[in-house]
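Commentary on secondary and tertiary structure
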Amino acid sequence: MSSLKALAPAKLNLSLQVFRPDSSGLHPIRGLTLSIGRCDILTMESSGSDDLDIHGADLPEGQDNLVWKAVTELRRSLPTEHPKVRFDLRKRIPVAAGLAGGSSDAAAALVLYAHLVGFDRSGLDALALEVGADVGFCLRGGFRWIGGYGEQLEERLDVGEGFVLVVAVPPFPISTPRVYAAWDGLGEPRGPAYGGAYLPPAIRPHGPLANDLYPAAAAIAPELDDWRSELAHRWDRPVLMTGSGPSLFSFFSDQAEAEEALLLVPAEARSAFVAEPISHGVRLVNDGNQV
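What comes next is a walk through the structure. Remember, it's a predicted structure, so these values are computed and weren't measured experimentally. (Residues numbered from 1 in each chain as written. Predicted model: local features only at pLDDT ≥ 70, side-chain atom pairs only at ≥ 80, totals over all residues. Heavy atoms only, no water.)

**Let's talk about the pattern of salt bridges**
Formally: The working definition used for a salt bridge is a side-chain nitrogen of Lys or Arg within 4 Å of a carboxyl oxygen of Asp or Glu. Secondary structure elements are taken from DSSP: a helix is a run of H or I of four residues or more, a strand is a run of E of two residues or more, and numbering for both begins at the N terminus. For the exposure calls, accessible area comes from a 1.4 Å probe over protein chains only, and a residue counts as buried if that area is under 20% of its type's maximum, exposed if over 50%, partly exposed in between.
The full count for this structure, using the stated rule, is 17 salt bridges. For R76, the salt bridge is made with E73, and the minimal N-O distance between the two is 2.7 Å. Of the two residues, R76 and E73 both sit in helix α1 (residues 66-76), three residues apart, roughly one turn of that helix. The class for R76 is exposed, based on a relative accessible area of 60%. A relative accessible area of 14% means that E73 is categorised as buried. Residue R86 pairs with D88 through a salt bridge whose shortest N-O separation is 3.9 Å. Through salt bridges with shared partners, one network takes in E45, D53, R86, D88 and R90.

Right, here's the structure in full:
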(Lines give C-alpha, C1' and ligand atoms only; values in the text may rest on other atoms or scores of the structure.)
Protein backbone atom coordinates (compact mmCIF):
# COMPACT_ATOMS: atom_id res chain seq x y z
CA MET A 1 0.00 0.00 0.00
CA SER A 2 1.30 3.44 -0.88
CA SER A 3 0.90 6.04 1.83
CA LEU A 4 -2.46 7.70 2.45
CA LYS A 5 -2.79 11.23 3.79
CA ALA A 6 -5.60 13.06 5.60
CA LEU A 7 -6.08 16.68 6.60
CA ALA A 8 -7.52 17.13 10.10
CA PRO A 9 -9.07 20.61 10.56
CA ALA A 10 -9.21 22.56 13.80
CA LYS A 11 -12.56 23.41 15.40
CA LEU A 12 -13.78 26.71 16.81
CA ASN A 13 -16.66 27.09 19.24
CA LEU A 14 -18.13 30.36 17.99
CA SER A 15 -20.72 30.26 20.76
CA LEU A 16 -21.04 27.93 23.74
CA GLN A 17 -23.92 27.61 26.20
CA VAL A 18 -23.27 25.40 29.22
CA PHE A 19 -25.86 23.74 31.48
CA ARG A 20 -25.54 22.42 35.00
CA PRO A 21 -24.28 18.83 35.35
CA ASP A 22 -26.84 16.09 34.76
CA SER A 23 -27.07 12.66 36.43
CA SER A 24 -23.88 11.57 34.63
CA GLY A 25 -21.92 14.34 36.31
CA LEU A 26 -21.18 15.91 32.92
CA HIS A 27 -22.24 19.32 31.64
CA PRO A 28 -24.56 19.27 28.62
CA ILE A 29 -23.79 22.02 26.13
CA ARG A 30 -25.22 23.72 23.08
CA GLY A 31 -22.74 25.33 20.75
CA LEU A 32 -22.30 26.92 17.36
CA THR A 33 -19.23 25.26 15.89
CA LEU A 34 -17.06 25.87 12.84
CA SER A 35 -14.28 23.98 11.09
CA ILE A 36 -11.36 26.16 10.03
CA GLY A 37 -8.60 25.62 7.52
CA ARG A 38 -5.82 25.10 10.04
CA CYS A 39 -5.07 21.39 9.71
CA ASP A 40 -2.87 18.70 11.15
CA ILE A 41 -1.55 16.28 8.52
CA LEU A 42 -1.79 12.56 9.25
CA THR A 43 -0.11 10.09 6.89
CA MET A 44 -0.51 6.30 7.10
CA GLU A 45 1.35 3.44 5.43
CA SER A 46 1.56 -0.32 5.86
CA SER A 47 4.15 -1.49 8.34
CA GLY A 48 5.40 -4.59 10.12
CA SER A 49 4.38 -3.02 13.43
CA ASP A 50 2.14 -0.24 14.69
CA ASP A 51 4.08 3.01 14.99
CA LEU A 52 3.30 6.71 15.36
CA ASP A 53 5.78 9.52 14.80
CA ILE A 54 4.76 13.03 15.83
CA HIS A 55 6.38 16.21 14.58
CA GLY A 56 5.73 19.70 15.89
CA ALA A 57 4.48 18.85 19.38
CA ASP A 58 5.56 16.89 22.44
CA LEU A 59 2.76 14.32 22.67
CA PRO A 60 2.59 10.65 23.65
CA GLU A 61 3.13 8.34 20.70
CA GLY A 62 1.86 5.17 22.39
CA GLN A 63 -1.59 3.82 23.08
CA ASP A 64 -2.55 6.93 25.11
CA ASN A 65 -2.68 8.93 21.89
CA LEU A 66 -6.19 9.40 20.45
CA VAL A 67 -4.92 8.21 17.06
CA TRP A 68 -4.43 4.71 18.48
CA LYS A 69 -7.63 4.86 20.49
CA ALA A 70 -9.48 5.51 17.23
CA VAL A 71 -7.74 2.68 15.39
CA THR A 72 -8.40 0.29 18.29
CA GLU A 73 -12.14 1.07 18.20
CA LEU A 74 -12.27 0.45 14.45
CA ARG A 75 -10.32 -2.79 14.70
CA ARG A 76 -12.85 -4.13 17.19
CA SER A 77 -15.47 -3.86 14.45
CA LEU A 78 -13.45 -5.84 11.91
CA PRO A 79 -14.05 -9.56 11.40
CA THR A 80 -10.66 -10.09 9.78
CA GLU A 81 -7.01 -9.74 10.72
CA HIS A 82 -5.93 -6.21 11.54
CA PRO A 83 -3.17 -4.84 9.29
CA LYS A 84 -0.35 -3.03 11.07
CA VAL A 85 0.31 0.57 10.10
CA ARG A 86 2.71 3.41 10.66
CA PHE A 87 1.34 6.93 11.19
CA ASP A 88 3.23 10.18 10.70
CA LEU A 89 1.51 13.15 12.36
CA ARG A 90 2.50 16.70 11.48
CA LYS A 91 1.01 18.97 14.15
CA ARG A 92 -0.06 22.42 12.96
CA ILE A 93 -2.97 22.87 15.38
CA PRO A 94 -1.69 24.14 18.74
CA VAL A 95 -2.13 21.57 21.51
CA ALA A 96 -4.10 22.20 24.71
CA ALA A 97 -5.63 25.27 23.09
CA GLY A 98 -9.35 24.48 22.85
CA LEU A 99 -9.10 23.77 19.10
CA ALA A 100 -9.88 20.00 19.18
CA GLY A 101 -6.60 19.05 17.52
CA GLY A 102 -6.42 15.66 19.23
CA SER A 103 -10.03 14.85 18.35
CA SER A 104 -9.46 15.83 14.73
CA ASP A 105 -6.37 13.62 14.57
CA ALA A 106 -8.48 10.73 15.89
CA ALA A 107 -11.11 11.39 13.23
CA ALA A 108 -8.38 11.39 10.58
CA ALA A 109 -7.10 8.04 11.86
CA LEU A 110 -10.61 6.59 11.56
CA VAL A 111 -10.95 7.80 7.97
CA LEU A 112 -7.52 6.54 6.94
CA TYR A 113 -7.82 3.10 8.52
CA ALA A 114 -11.37 2.67 7.24
CA HIS A 115 -10.11 3.42 3.73
CA LEU A 116 -7.36 0.82 4.13
CA VAL A 117 -9.65 -2.01 5.25
CA GLY A 118 -12.68 -1.09 3.14
CA PHE A 119 -14.85 -0.11 6.10
CA ASP A 120 -17.89 1.97 5.09
CA ARG A 121 -17.29 5.56 6.19
CA SER A 122 -20.96 5.91 7.10
CA GLY A 123 -20.29 3.52 9.96
CA LEU A 124 -17.63 5.73 11.53
CA ASP A 125 -20.06 8.02 13.37
CA ALA A 126 -20.85 5.41 16.02
CA LEU A 127 -17.17 4.60 16.48
CA ALA A 128 -16.33 8.29 16.82
CA LEU A 129 -18.63 8.50 19.86
CA GLU A 130 -16.57 5.80 21.57
CA VAL A 131 -13.35 7.71 21.00
CA GLY A 132 -14.40 11.16 22.23
CA ALA A 133 -17.25 13.66 22.25
CA ASP A 134 -15.61 16.00 19.68
CA VAL A 135 -14.51 13.29 17.26
CA GLY A 136 -17.89 13.05 15.51
CA PHE A 137 -17.90 16.76 14.74
CA CYS A 138 -14.30 16.63 13.51
CA LEU A 139 -15.25 13.73 11.25
CA ARG A 140 -18.09 15.64 9.56
CA GLY A 141 -17.09 19.23 10.30
CA GLY A 142 -18.50 22.36 8.72
CA PHE A 143 -20.66 24.99 10.37
CA ARG A 144 -23.37 23.59 12.63
CA TRP A 145 -24.99 23.55 16.04
CA ILE A 146 -23.95 20.80 18.43
CA GLY A 147 -25.60 19.52 21.61
CA GLY A 148 -25.39 16.85 24.29
CA TYR A 149 -21.78 16.72 25.41
CA GLY A 150 -20.64 17.78 21.94
CA GLU A 151 -21.58 14.54 20.20
CA GLN A 152 -25.02 15.57 18.91
CA LEU A 153 -24.72 17.19 15.48
CA GLU A 154 -27.45 19.22 13.81
CA GLU A 155 -27.63 19.70 10.05
CA ARG A 156 -24.75 21.54 8.42
CA LEU A 157 -25.38 25.26 7.85
CA ASP A 158 -24.17 27.45 5.00
CA VAL A 159 -21.21 29.41 6.30
CA GLY A 160 -21.04 31.58 3.19
CA GLU A 161 -18.02 33.66 2.29
CA GLY A 162 -16.72 37.13 3.02
CA PHE A 163 -14.81 36.59 6.24
CA VAL A 164 -11.70 35.01 7.69
CA LEU A 165 -10.57 34.60 11.28
CA VAL A 166 -7.46 35.29 13.28
CA VAL A 167 -6.75 32.94 16.17
CA ALA A 168 -4.27 33.79 18.93
CA VAL A 169 -3.17 31.34 21.61
CA PRO A 170 -1.93 32.99 24.84
CA PRO A 171 1.24 31.52 26.38
CA PHE A 172 -0.40 29.70 29.29
CA PRO A 173 -2.52 26.55 29.59
CA ILE A 174 -5.99 26.33 31.12
CA SER A 175 -7.26 23.01 32.46
CA THR A 176 -10.68 22.11 31.05
CA PRO A 177 -11.83 20.22 34.20
CA ARG A 178 -10.81 23.19 36.34
CA VAL A 179 -12.78 25.57 34.11
CA TYR A 180 -15.96 23.52 34.43
CA ALA A 181 -15.48 23.20 38.19
CA ALA A 182 -14.95 26.96 38.45
CA TRP A 183 -18.09 27.55 36.37
CA ASP A 184 -20.07 25.51 38.89
CA GLY A 185 -18.47 27.36 41.80
CA LEU A 186 -19.17 30.77 40.31
CA GLY A 187 -22.89 30.01 40.12
CA GLU A 188 -23.14 29.04 36.43
CA PRO A 189 -22.40 32.47 34.91
CA ARG A 190 -23.23 33.44 31.34
CA GLY A 191 -20.53 34.79 29.07
CA PRO A 192 -20.55 38.27 27.49
CA ALA A 193 -22.54 38.31 24.24
CA TYR A 194 -21.59 39.89 20.92
CA GLY A 195 -23.83 40.35 17.90
CA GLY A 196 -25.00 42.78 15.27
CA ALA A 197 -22.74 44.24 12.62
CA TYR A 198 -19.65 42.78 14.31
CA LEU A 199 -20.66 39.35 13.02
CA PRO A 200 -20.24 38.26 9.37
CA PRO A 201 -23.59 38.12 7.52
CA ALA A 202 -23.74 34.30 7.52
CA ILE A 203 -23.19 34.23 11.30
CA ARG A 204 -25.59 37.03 12.32
CA PRO A 205 -28.81 34.96 12.18
CA HIS A 206 -27.27 32.61 14.77
CA GLY A 207 -26.06 35.31 17.17
CA PRO A 208 -25.44 36.85 19.51
CA LEU A 209 -22.33 34.79 20.24
CA ALA A 210 -21.30 34.08 23.83
CA ASN A 211 -19.08 31.58 25.63
CA ASP A 212 -20.38 30.69 29.09
CA LEU A 213 -17.00 29.25 30.10
CA TYR A 214 -15.21 32.57 29.66
CA PRO A 215 -15.93 33.96 33.17
CA ALA A 216 -14.65 30.73 34.73
CA ALA A 217 -11.54 30.59 32.54
CA ALA A 218 -10.75 34.24 33.36
CA ALA A 219 -11.22 33.52 37.07
CA ILE A 220 -8.64 30.71 36.89
CA ALA A 221 -6.23 32.65 34.68
CA PRO A 222 -6.77 36.42 35.11
CA GLU A 223 -4.16 37.07 32.44
CA LEU A 224 -6.64 35.68 29.92
CA ASP A 225 -8.79 38.78 30.30
CA ASP A 226 -5.70 40.95 29.86
CA TRP A 227 -5.00 39.16 26.58
CA ARG A 228 -8.59 39.47 25.40
CA SER A 229 -8.72 43.18 26.26
CA GLU A 230 -5.38 43.88 24.58
CA LEU A 231 -6.35 42.05 21.40
CA ALA A 232 -9.73 43.81 21.33
CA HIS A 233 -7.88 47.13 21.59
CA ARG A 234 -5.33 46.28 18.90
CA TRP A 235 -7.89 44.77 16.54
CA ASP A 236 -10.59 47.34 17.31
CA ARG A 237 -13.35 44.71 17.63
CA PRO A 238 -14.71 42.19 20.14
CA VAL A 239 -12.64 39.08 20.82
CA LEU A 240 -14.08 35.73 21.86
CA MET A 241 -12.68 32.55 23.41
CA THR A 242 -13.19 29.09 21.95
CA GLY A 243 -14.12 26.15 24.17
CA SER A 244 -12.52 26.24 27.61
CA GLY A 245 -9.65 28.31 26.23
CA PRO A 246 -7.19 29.76 26.11
CA SER A 247 -7.42 30.41 22.33
CA LEU A 248 -8.97 33.74 21.35
CA PHE A 249 -10.34 34.76 17.97
CA SER A 250 -12.12 37.42 15.98
CA PHE A 251 -13.62 37.95 12.51
CA PHE A 252 -12.09 39.96 9.67
CA SER A 253 -13.50 40.89 6.29
CA ASP A 254 -10.73 39.50 4.08
CA GLN A 255 -7.28 37.93 4.02
CA ALA A 256 -5.45 41.24 3.80
CA GLU A 257 -7.19 42.68 6.85
CA ALA A 258 -6.57 39.46 8.75
CA GLU A 259 -2.87 39.44 7.87
CA GLU A 260 -2.57 42.99 9.20
CA ALA A 261 -4.30 41.92 12.42
CA LEU A 262 -1.97 38.95 12.74
CA LEU A 263 0.99 41.33 12.88
CA LEU A 264 -0.61 42.99 15.91
CA VAL A 265 -0.72 39.84 18.03
CA PRO A 266 1.73 40.18 20.96
CA ALA A 267 5.00 38.35 20.37
CA GLU A 268 4.50 36.33 23.55
CA ALA A 269 1.61 34.38 21.99
CA ARG A 270 2.22 30.64 21.88
CA SER A 271 0.73 30.58 18.38
CA ALA A 272 -1.25 32.85 16.08
CA PHE A 273 -2.60 32.28 12.58
CA VAL A 274 -5.14 33.30 9.95
CA ALA A 275 -7.74 30.68 9.02
CA GLU A 276 -10.63 30.51 6.58
CA PRO A 277 -13.93 28.83 7.46
CA ILE A 278 -14.37 25.47 5.74
CA SER A 279 -17.49 23.42 5.11
CA HIS A 280 -16.13 19.95 5.87
CA GLY A 281 -14.28 17.82 8.37
CA VAL A 282 -11.46 15.34 7.76
CA ARG A 283 -10.54 14.80 4.10
CA LEU A 284 -8.33 12.25 2.40
CA VAL A 285 -5.84 13.85 0.04
CA ASN A 286 -3.50 12.54 -2.65
CA ASP A 287 -0.76 14.91 -3.87
CA GLY A 288 -2.80 17.83 -2.60
CA ASN A 289 -6.07 16.68 -4.19
CA GLN A 290 -9.05 15.34 -2.30
CA VAL A 291 -9.67 11.62 -2.73
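**Details of the nonpolar core**
Going by this rule: Nine residue types can take part in a nonpolar core, namely buried Ala, Val, Leu, Ile, Met, Phe, Trp, Tyr and Cys, and a core is a set of them joined through side-chain atoms within 4.5 Å. In this description, contact between two residues means that some pair of their heavy atoms is separated by no more than 4.5 Å.
Of all hydrophobic cores here, the largest spans 35 residues; its most connected members are L42, F87, L110, L112 and L124. Ranked by the residues each element gives to this core, the list is headed by helix α2 (residues 101-117), at nine residues. Other than its neighbours up to four places away in sequence, L42 contacts L4, K5, A6, V67, F87, D88, L89, D105, A108, A109 and L112. In this structure, L16, I146, A182 and A216 belong to the second largest nonpolar core, which totals 34 residues.

**Examining the packing of α2 against helix α3 (residues 124-131)**
How two helices pack is summed up by the angle between their axes together with the distance between the axes. Using the following cut-off: Fitting a line to C-alpha atoms yields each axis, with helices limited to the stretch in contact; the angle taken between N-to-C directions then spans 0 to 180 degrees. Here the angle decides the label: under 35 degrees means roughly parallel, over 145 means roughly antiparallel, 65 to 115 means roughly perpendicular, and every other value means oblique. Whether a crossing is left-handed or right-handed is set by the direction in which the near helix is turned from the far one by less than a right angle, anticlockwise for left-handed and clockwise for right-handed. Classes in brief: Ala, Val, Leu, Ile, Met, Phe, Trp, Tyr, Cys and Pro nonpolar; Asp, Glu, Lys and Arg charged; the others, Gly included, polar.
Their axes nearest at 11 Å, the elements α2 and α3 cross at an angle of 140°. By the angle between their axes, α2 is oblique relative to α3. Note that α2 runs across α3; the crossing there is right-handed. Contacts between α2 and α3 involve A106, L110, V111 and A114 from the first element and L124, L127, A128 and V131 from the second. Each residue belonging to the contact of α2 with α3 can be placed in one class, and the counts come to eight nonpolar, no polar and no charged.

**A short note on unusual backbone geometry**
A cis amide bond, omega 0°, links G207 with the succeeding residue P208. With respect to the secondary-structure elements, P208 resides in the loop between β8 (193-194) and β9 (209-210). A positive phi angle, near 50°, is found at A96, a position not held by glycine. Mapping A96 onto the fold places it in the loop between β4 (85-90) and α2. By relative accessible area, A96 is classed as exposed at 57%.

**Some points on the packing of α1 against α3**
Running from N to C, α1 and α3 point in directions that differ by 130°, and their axes come no closer than 9 Å. Taken as axis vectors, α1 and α3 run oblique relative to one another. In the crossing of α1 with α3, the sense of the turn from one axis to the other is right-handed. In contact with L66, K69, A70, E73 and L74 of α1, α3 contributes L124, L127, E130 and V131.

**Things to note about empty space enclosed by the protein**
Convention followed: Cavity means a closed set of points on a 1 Å grid over the protein atoms alone, one where a 1.4 Å probe fits but cannot get out, pocket means an open set with protein on both sides within 12 Å along at least 5 of 7 lines, and lining means a residue has an atom within 4 Å of a point. Grid points are joined across faces, edges and corners, and a volume is the space filled by probe spheres set on the points.
One pass over the full model with this rule turns up one cavity of 30 Å³ or more. The space that makes up the largest cavity amounts to roughly 70 Å³. If you go around the largest cavity, the residues you meet are P192, Y194, A210, N211, Y214, R228, V239, L240, M241 and L248.

**Quick word on helix α7 (residues 223-235)**
Selection criterion: A helix is expected to reach a length of 1.5 Å times the quantity of its residues less one. Working definition: the arc comes from the directions between the helix axis and the C-beta atoms, pointing outward to the latter.
Compared with an ideal rise of 1.5 Å per residue, which puts 13 residues at 18 Å, α7 spans 18 Å between its outermost C-alpha atoms and is within 8% of the ideal. L224, W227, R228, L231, A232 and W235 are the residues of α7 that are buried. Buried residues in α7, looked at end-on, bunch into an arc of 130°, giving them a common side. Facing away from the buried side of α7 by over 90 degrees, the exposed positions are D226 and H233. The secondary structure elements touched by the buried residues of α7 are β7 (164-169), β8, α6 (214-220), β10 (240-241), β11 (248-252) and α8 (255-262). Within two residues after α7, D236 carries a phi angle of roughly 60°, on the positive side.

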